[in-house]
Amino acid sequence: MATINDVAAKAGVSTATVSRTLNGKSTVDPVLAARVQAAAAELGYHPNGLARNLRRQETAVLALIISDVENPFFTAIARGVEDIAQTAGYSVVLCNADDNEEKERRYIDVALQERVAGVVLSPTGRATNVDRLTQRGTPVVAVDRPLLENTGDQVLVDTRLAARDATRHLLDGGYRRVACVSGPPGVRTAEDRLAGYTDAVGAENALTRRAEFRAEGGRLAALSLLDEPEPPDALLVGNSTMAIGVLEALASRGLRSGQDVGIVSFDDAPWTTLIDPPLTVVAQPANDVGKVAAELLLARIGDSTRKATTTTLQAKLIVRRSSRRG
């Protein structure tokens with residue numbers, strides 16, 4: 001493998017001139033720069049970005065710590081982050097915190113030990129603490145859920161408004177007893193979706209269940225609601241993973257979505273159009289969340305004095321037959 005010394009020898013210049021040329025410095029004489037470029041191309045030399053960044057006490061790697069790798073929402077965020085990072089010459093290490101605070105802390109430790117250039121993080125909840133990262137000077141951008149201290153850049157989705165609009169859609173469709181299956185206490189997105197639902201039905205009419213953002217949690221929550229003396233005729237569901245469990249619960253009771261129980265779920269997973277009837281969803285711009293987060297993180301890496309920003313994106317209600325009686 002060619003080295004910078006090989007390029008310098010072939011071009012007849014110093015290694016400093018090679019370094020300045022390949023780093024895009026404009027102070028190099030154009031004739032010398034052309035010789036360096038030609039020599040580097042002939043030898044197949046590429047600058048060692050990892051070694052260069054190690055000298056700056058960081059690696060050309062970003063850590064992405066997400067809540068649940070099985071949730072299509074977070075995998076779409078990951079794709080958005082990776083697309084931007086790769087274009088900028090960074091690699092991305094994916095860490096699945098599994099909505100577990102201890103796993104999240106361990107991955108933050110790994111990010112510190114590996115001297116990553118920055119972190120995109122979906123906080124698990126109230127206990128998430130990034131003080132060690134900020135004290136080290138490692139930039140952090142929060143996605144989906146805000147950091148409690150609101151200390152850095154954040155990319156969020158207005159899920160309270162989306163939940164309110166989705167609930168009103170069910171009420172406008174003729175459903176009269178709408179319930180909400182939301183996520184666990186202390187998780188901001190779960191609280192926001194529950195609040196938006198309550199905005200629409202009124203606190204006196206609220207019928208809710210809290211569960212983990214997983215299929216089994218959704219199934220058990222739905223069964224519990226169906227066992228109410230006055231069971232709901234429609235459900236707002238916290239995410240697409242929970243929706244799988246909710247649909248299983250309906251099937252076990254011989255109930256059909258739309259005709260018997262109206263369903264609207266957060267997140268437009270690939271399978272939502274493949275079932276019968278297709279699922280009405282609140283589609284969040286997950287890929288855009290990832291892209292914006294990566295762009296903010298790279299900007300922060302380039303200028304640590306930038307003012308922290310919060311970017312709030314909007315979700316979109318996509319109406320299908322699971323929220324129609326006909």
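Being a predicted model, the structure only gives us computed values, none of them experimental.

**Describing the packing of aromatic side chains**
Now for step 1: By the definition in use, this model includes one aromatic pair.
Now for step 2: Ring geometry for Phe 73 against Phe 74: centres 5.1 Å apart, planes inclined by 75°, an arrangement best described as edge-to-face.
Now for step 3: Take Phe 74: its relative accessible area is 4%, and that puts it in the buried class.
Now for step 4: Lying across the ring of Phe 266, Arg 193 places its NZ or CZ 4.3 Å from the centre.

**Remarks on the domain arrangement of the protein**
How big an interface is tends to be expressed through the accessible area that disappears when the partners come together.
Now for step 1: Entries for the protein in the domain assignment read domain 1 (4–47), domain 2 (53–157 + 286–314) and domain 3 (159–284).
Now for step 2: Once you take the C-alpha centre of each, domain 1 and domain 3 turn out to be 61 Å apart.

**Brief notes about helix H12 (residues 286–302)**
Now for step 1: Taking 1.5 Å of rise per residue, 17 residues should cover 24 Å, and H12 covers 25 Å from first to last C-alpha, within 8% of that figure.
Now for step 2: Regarding H12, the residues found buried are Ala 286, Val 289, Gly 290, Ala 293, Ala 294, Leu 296, Leu 297, Leu 298 and Arg 300.
Now for step 3: On its buried face, H12 is in contact with strand S1 (61–66), helix H5 (72–87), strand S3 (118–121), strand S4 (140–143), strand S5 (153–157) and strand S11 (310–313).

**A short note on the pairing of S4**
Now for step 1: Of the two faces of S4, both are covered, the one formed by Val 140 and Ala 142 as well as the one formed by Val 141 and Val 143.
Now for step 2: As defined by bridge partners, S3 adjoins S4 across three bridges and the pair is classed as parallel. The residue of S4 that forms the bridge with Val 120 is Val 141.
Now for step 3: Running through helix H7 (residues 131–136), the crossover from S3 to the neighbouring parallel element S4 is right-handed.
Now for step 4: Summarising the sheet, S4 and S5 pair through three bridges and their orientation is parallel. By the bridge assignment, Val 143 is partnered in S5 with Val 155.

Reading guide: rules and limits
- Numbering of residues starts from 1 in each chain and follows the order in which that chain's sequence is written.
- A pLDDT threshold of at least 70 governs which residues receive local features in this predicted model, and a stricter bar of 80 or more applies before side-chain atom pairs are shown or counted, although totals over entire chains, interfaces and linings include all residues.
- Computation of side-chain values: all heavy atoms of the structure, hydrogens and water removed.
- We call Phe, Tyr and Trp rings a pair once their centres come within 6.5 Å, taking the six-membered ring for Trp, and we label the pair stacked below 30 degrees between planes, edge-to-face above 60, and tilted otherwise.
- Buried residues are those whose accessible area, probed at 1.4 Å on protein chains only, stays under 20% of the maximum for their type, while exposed residues exceed 50% and partly exposed ones sit between those limits.
- Note on criteria: charge over ring means Lys NZ or Arg CZ within 6 Å of the ring centre, with the direction from the centre no more than 35 degrees off the ring normal.
- Segmentation of the chain into domains, including their bounds, is taken from an automatic or database domain assignment.
- Helix numbering and strand numbering both begin at the N terminus, where a helix is a DSSP run of H or I of at least 4 residues and a strand a DSSP run of E of at least 2.
- Any helix carries an expected span of 1.5 Å times its number of residues minus one.
- The contact criterion used throughout is that any non-hydrogen atoms of two residues lie within 4.5 Å.
- For two strands to pair, DSSP has to find at least two bridges joining them.
- We call a crossover right-handed when, viewed with both strands directed away from the observer, the connection leading from the first strand over the helix to the second proceeds clockwise.

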